[in-house]
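For reference, the chains in residue letters:
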Amino acid sequence: MNYAEIKYSDIANGEGVRTSLFVSGCRRGCPGCFNSGAWSFAAGEAFTSEVEDKIIASLDHPFCDGLTVLGGEPMEPENQRGLVSFLERVRERFPRCGESASDAEGSAAAAGAMGAEGSTAFAGATGAKGSPIAAAKTIWCFTGDTLDELMPGGRHHTEVTDRLLACVDILVDGPWVQELYDISLRFRGSSNQRIIDLNATRAAAAERGCSLADAVCLWQDEQVYTTHAM
């Protein structure tokens, strides 16, 4: 896998101050895409273990709130395979609050071991009384796929998708649609896109016994950003 760019101390692609990894390769080709230079899978440089180490080191500061993965398209099958071990490594190094490194590793392994039916009900880590756990260092992922397309039977569900999603806290899903562009939206470009709280969604899916796609819980932004009023 190649990456097109890494932005350190990024405040545009997720909550807080983040390290953002832009992977190379996207077959979607949305008109008006802000990052068409990353469509080619050959763009940029190779994503090596040394690059992984540098990103992880950048996260290990009190001011850094987490990692964001975007592109390009992280959910292209070859990019999923290039990312999954790295994201599991990040999750193990920076477990969710209340979750040990071994818990994080076990959660990812459980997601990978479950089949189409089991993976949809996988709750991930939960806190007291089954409530979702907030992550000390969150992992955001932006994809042009909808969550439905990442479920078993979906166009971009692979043998590693469940493991990858188990590492992610916030999924921004849906293609960029130029006609639906809205400058007032935070962390998304067009109104069809959703910001999904995957921790809450996993808990809801486990409680209801349904797929993640049927239990979507949207991320709740601060009121000042949703109302644009002081």
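Summarised in this report is the structure supplied together with it.

Conventions we followed
Residues numbered from 1 in each chain as written. Predicted model: local features only at pLDDT ≥ 70, side-chain atom pairs only at ≥ 80, totals over all residues. Heavy atoms only, no water. Helix = DSSP H or I, 4+ residues; strand = E, 2+ residues; numbered from the N terminus. Buried < 20%, exposed > 50% of the residue type's maximum accessible area, 1.4 Å probe, protein only. Areas by Shrake-Rupley, 256 points an atom, 1.4 Å probe, with all protein chains shown as cover. Pairing = 2+ DSSP bridges. Contact = heavy atoms within 4.5 Å. Axes fitted to C-alpha atoms, helices over the stretch in contact; angles between N-to-C directions. Parallel < 35°, antiparallel > 145°, perpendicular 65-115°, else oblique. Left-handed = near helix turned anticlockwise from the far one by under 90°. Nonpolar A, V, L, I, M, F, W, Y, C, P; charged D, E, K, R; others polar. Salt bridge = Lys/Arg side-chain N within 4 Å of Asp/Glu carboxyl O.

Attention shifts here to the overall build of the chain. Across its full length, the chain carries seven helices and seven strands. Burial status across the chain gives 48% buried among its 230 residues. Accessible area of the chain: about 10,500 Å², with a carbon and sulfur share of 52%.

Let's shift gears to the sheet that holds strand S7 (residues 194-197). Read from one edge of the open sheet, seven strands run S3-S1-S2-S4-S5-S6-S7, paired in mixed fashion. Single-partner strands in this sheet number two, and they are strand S3 (45-46) and S7. Inspection of the sheet shows strand S4 (residues 66-70) paired to strand S5 (residues 138-142) by four bridges, in the parallel sense. The residue bridging Gly66 from the neighbouring strand is Thr138, located in S5. Across the sheet, helix H1 (residues 49-59) lies against strand S1 (2-10), strand S2 (18-23), S3 and S4, angled at about 15 degrees from S1, the strand it touches most. Helix H2 (residues 77-93) contacts S2, S4 and S5 of the sheet and is inclined by roughly 175 degrees relative to S4.

Further remarks concern the packing of H1 against H2. In the contact formed by H1 and H2, the axes pass within 11 Å of each other and the chain directions differ by 30 degrees. One element, H1, and the other, H2, form an angle in the roughly parallel class. For H1 against H2, the interelement crossing comes out right-handed. Two secondary-structure elements touch here, H1 through Ser49, Glu52, Asp53, Ile55, Ile56 and Leu59 and H2 through Phe86, Arg89, Val90 and Arg93. When its residues are assigned to classes, the contact of H1 with H2 shows five nonpolar, one polar and four charged.

Our focus in this paragraph is the pairing of S2. Burial analysis of S2 places six of its six residues in the buried class, which makes it a mostly covered element. Note that S2 and S4 share five bridges and pair parallel. In the sheet register, Phe22 faces S4, and the bridge partner there is Leu70.

As a further point, take the pattern of salt bridges. If the charged atoms of two oppositely charged side chains come close together, the side chains can form a pair. In this structure the tally under the stated criterion is 13 salt bridges. Residues Arg155 and Asp145 are paired through a salt bridge, measuring 2.8 Å at the closest nitrogen-oxygen approach. Note that Arg155 is positioned in the loop between S5 and helix H5 (161-167) and Asp145 in the loop between S5 and H5, a separation of 10 residues in sequence. The exposure class of Arg155 is exposed, given its relative accessible area of 52%. Linked by salt bridges that have partners in common, Arg27, Glu76 and Glu78 make up one network.

Let's shift gears to unusual backbone geometry. That bond from Gly71 to Gly72 is cis: its omega, 15 degrees, falls within 30 degrees of zero. Secondary-structure assignment places Gly72 in the loop between S4 and H2. The phi dihedral of Ser9 falls on the positive side, at around 55 degrees, and the residue is not glycine. Note on placement: Ser9 falls in strand S1. On the basis of relative accessible area, Ser9 is assigned to the partly exposed category, the value being 49%. The backbone of Phe187 sits at a positive phi, close to 65 degrees, despite the residue not being glycine. For Phe187, a relative accessible area of 9% corresponds to the buried category.

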